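# A look at the structure
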Amino acid sequence: MSGIGPLEPGEDTHAWDGRPPKAPRPAGRTRTALAAWHRRHRRITFALLAAAVLLAGGGYLHATRPQRPPERPERPRAEVPYPVQVADVTYLDGRTTPADAPPRSFSFAVLLSVTSGPPVTVTRVTQPYAGLSLTTEPQVPFQTKAGSAHKITITMHVTKCGKAPRNAALPFLDVTLRNARAMQVQSFILGPRYAQDLSRSLEVACSNRLR
Amino acid sequence: MRQRSLIAITAALAAGALTLTACGSRDSGDKKDSGDGGGTTVVIGVDAPLTGDLSAMGLGIKNSADLAAKNANKQNLVKGVTFKTEALDDQAQPSAGQQNASKFVSEKEVLGVVGPLNSSVAESMQKVFDDAKLVQVSPANTGPALTQGQDWQTKKVRGYKSYFRTATTDAIQGPFAAQYVFNEAKKKKVFVIDDKKTYGSGLAATFTDEFKKLGGKVVGTEHINPDAKDFSAVATKVKNSGAQVVYYGGEYPQAGPLSKQIKAAGAKIPLVGGDGIKDDTFMKLAGSEATGDLATSVGAPVEDLPSAKQFVADYKAGGYKEEYSAYGGYAYDSAWAIIEAVKKVVDDNGGKLPDDARAKITEAMQGVSFDGVTGKVSFDEFGDATNKQLTVYAVKNGAWVPVKSGTYSG
């Protein structure tokens, strides 16, 4: 006990104004007073109740209103990319033709690189022209991991000179790629240097002299 | 008493109404997604055909560029800069395109332009933009001369340093189509038709050149008027030529009726075209006999690209009325390239746009590189996209279905 009372009137304390404190209200007195007030102001009570019901109803309706889908849908989960999206094939240069290759053959190298995702397997390499066939070294299928590259030596053999394109501007190779997501065939257009080397090689292969 | 209760009821109703209004205002608040970072407003101009026959493609470009600006604002990608788009209709007309270019140049807040769709329109805009050093990134122009000069086949010379594009050129698209038609569709005799426009005649030329080199034979050529709808005379010539296939350099508003009328003339042969015919409207115009018709398009199918999934989802959520169409992904990337260039310039200038912002942004565009909707986006020394993908589509069951895809890696 410090001997100092509350600075402001608090519970069960009253500011001293010279009047004697009122006797405490008997239990039930409040309900009685409310009931009396309710009898006197029935309409106001009704109005207040109506307002409360309306607000509660409005709140309920708002809370249970049909939800619109979120403005921005959830970001789709990361998926394994398609093999053609992560693999690239570029032309390197001409190569020495293997000694055991048939006549009218020539060789060149391409680089297959894989940028990301699971390993990509090359299951087939073809070219679209009638009159040409090809083999690869390494032989298909072979696998390349993400972040690495594989040099492929391609040896083309001219089977029919009349059906080999002598000066195609944008020749390409069709490469079948497979990864955990899918198997796809992609045409890799290797550009003007490949086009020139192919034309030159075909000219040589299909000239009268055999190599 | 009665009055008092009336007041009370009125108050209650007002409170309820306020509650409901509050719900409504919160919803509309959610819709405000353009962001408002305050500070500087940068306007990205969009030029495309927003009315007329080609509006399906043009509106897809407009909406997609708008989406890019909104996403950049949401991400607060460039601090202190709010992006907005302003779209002008060129009606696929070079003269209108040139007027639009002048208008964009005159508006100081415009710091980059996405568009146009048509190569012929681009030709009329390039000098206007280049003189003002205002960067332009087209999502759809495929004419090789726009970046590599008129003599691009023999000597490539870049004419305008302010011009860039995210689409692959016809120098690749035409030959790729020729290779497919000759080697895979096994068609050796072609009838070539074009609409005399920059895009159409250029594409037909690159196709024809490669088709001949492969050993194919051109059994007839014709030019049509882009304003015409009756192609019966040409269709009869095709029928009598003995062609196994028709190559059309032009756009879908003419390609659709042309395909239909060629088949009606008795030549049940496929019509092949470029990216200009690869729109769903083609099928509506060509009818059920269009099955087997082919189109090449620059880029891979957007739906197949993992990088495009977010774009497709955002576009859907954006509530745009029109489809994003063939160039939506490329338009998004074009706008984003401008945004990236603005970001670079602002970052290099202490967080503010410099006085010569247009020139700086044009310069920065050359070095822009990011993973976009259509894959890696960057530009070579001519302003061409380094990402060169192509797809051959065939009409099957009334829809374009991809049948072959290629990548240029030269």
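Worth saying up front: this structure is predicted, and the values here are computed from it rather than measured.

Glancing now at unusual backbone geometry. Cis rather than trans, the peptide bond between glutamate 137 of chain A and proline 138 of chain A has omega equal to 5 degrees. Along the chain, proline 138 of chain A falls in the loop between strand S4 (132-137) and strand S5 (142-144). Here valine 140 of chain A and proline 141 of chain A are connected by a cis peptide whose omega angle stands at 0 degrees. Note that proline 141 of chain A resides in the loop between S4 and S5. Positive phi outside glycine occurs at asparagine 76 of chain B, with the angle close to 50 degrees. Position of asparagine 76 of chain B among the secondary structure elements: in the loop between helix H2 (55-75) and strand S2 (81-89). Even without glycine at this site, alanine 92 of chain B takes up a positive phi of about 60 degrees. Its place among the elements puts alanine 92 of chain B in the loop between S2 and helix H3 (94-106).

As a further point, take the sheet that holds strand S8 (residues 245-249) of chain B. Pairing in this open sheet of eleven strands is mixed, and the strands run S5(A)-S3(A)-S7(A)-S8(A)-S14(B)-S13(B)-S10(B)-S9(B)-S8(B)-S6(B)-S7(B) from one edge to the other. Strands at the two margins of the open sheet, each flanked by one partner only, are S5 of chain A together with strand S7 (217-223) of chain B. The mean angle between the axes of side-by-side strands here comes to 30 degrees, regardless of whether they run parallel or antiparallel. The sheet contact formed by strand S6 (residues 189-194) of chain B and S8 of chain B spans five bridges and is parallel. Paired with valine 192 of chain B across the two strands is tyrosine 247 of chain B, which belongs to S8 of chain B. Against the sheet, helix H8 (residues 232-241) of chain B contacts S6, S7 and S8 of chain B, and its axis sits at roughly 170 degrees relative to S7 of chain B.

The subject of this paragraph is the confidence of the model for chain A. Residues and elements named next belong to chain A. With 62% of its residues at a pLDDT of 70 or more, chain A has an overall mean of 77. Note that residues 1-30 has pLDDT below 50 and, in this model, four contacts with residues that lie over four places away or in other chains. Below pLDDT 50 for its whole length, residues 68-77 participates in nine contacts with residues either more than four positions away or in separate chains.

Our next topic: the sheet that holds S4 of chain A. Residues and elements named next belong to chain A. Ordered in space as S1-S2-S6-S4, the four strands form an open sheet in which the pairing is antiparallel. Edge positions in the open sheet fall to strand S1 (87-95) and S4, since each of these has one partner strand only. Averaged over all adjacent pairs, the angle separating strand axes in this sheet is 30 degrees, with direction ignored. Taken together, the ten bridges between strand S2 (residues 105-114) and strand S6 (residues 148-158) define a ladder with antiparallel strand orientation. Counterpart to serine 113 in the pairing with S6 is alanine 149.

Next up on the list: the packing of helix H6 (residues 170-184) of chain B against helix H7 (residues 198-213) of chain B. Residues and elements named next belong to chain B. Close contact between H6 and H7 brings their axes to 7 Å; oriented N to C, the two are set at 45 degrees. In terms of their interaxial angle, H6 and H7 are classed as oblique. For the pair H6 and H7, the crossing hand works out as right-handed. Listed contacts from H7 to Asp170, Ala171, Gln173, Gly174, Pro175, Ala177, Ala178, Gln179, Val181 and Phe182 of H6 are Gly202, Leu203, Thr206, Phe207, Glu210 and Phe211. Taken together, the residues of the contact of H6 with H7 sort by class into nine nonpolar, five polar and two charged.

A few words now on the domain arrangement of chain B. Residue and element names in this part refer to chain B. Partitioning chain B into structural domains gives domain 1 (40-167 + 303-379) and domain 2 (171-298 + 391-407). Put simply, the middle of domain 1 and the middle of domain 2, counted by C-alpha atoms, are 29 Å apart. Facing the 15 residues of domain 1 at the interface are 15 residues of domain 2. Looking at the side of domain 1 that touches domain 2, the element that brings in the most residues is helix H4 (residues 119-131), giving three residues. Residues belonging to the side of domain 1 that touches domain 2 are distributed by class as follows: seven nonpolar, six polar and two charged.

Here we take up helix H9 (residues 252-264) of chain B. All names here are of chain B. The end-to-end C-alpha distance of H9 is 18 Å, a good match for the 18 Å that 13 residues give at a rise of 1.5 Å each. Along H9, eleven of the 13 residues are buried, which leaves the element largely enclosed by surrounding structure. What H9 keeps buried is the set Tyr252, Pro253, Gln254, Ala255, Gly256, Pro257, Leu258, Ser259, Gln261, Ile262 and Lys263. Phi for glycine 266, located one or two positions after H9, is positive at around 110 degrees.

Basis of the calculations
- Residues numbered from 1 in each chain as written.
- Chains lettered and ligands numbered in written order.
- Predicted model: local features only at pLDDT ≥ 70, side-chain atom pairs only at ≥ 80, totals over all residues.
- Helix = DSSP H or I, 4+ residues; strand = E, 2+ residues; numbered from the N terminus.
- Pairing = 2+ DSSP bridges.
- Axes fitted to C-alpha atoms, helices over the stretch in contact; angles between N-to-C directions.
- Contact = placed C-beta atoms within 7 Å.
- pLDDT = per-residue confidence, 0-100.
- Parallel < 35°, antiparallel > 145°, perpendicular 65-115°, else oblique.
- Left-handed = near helix turned anticlockwise from the far one by under 90°.
- Nonpolar A, V, L, I, M, F, W, Y, C, P; charged D, E, K, R; others polar.
- Domains from an automatic or database assignment.
- Expected span 1.5 Å × (residues − 1).
- Buried ≥ 20, exposed ≤ 12 C-beta atoms within 10 Å, placed from the backbone.

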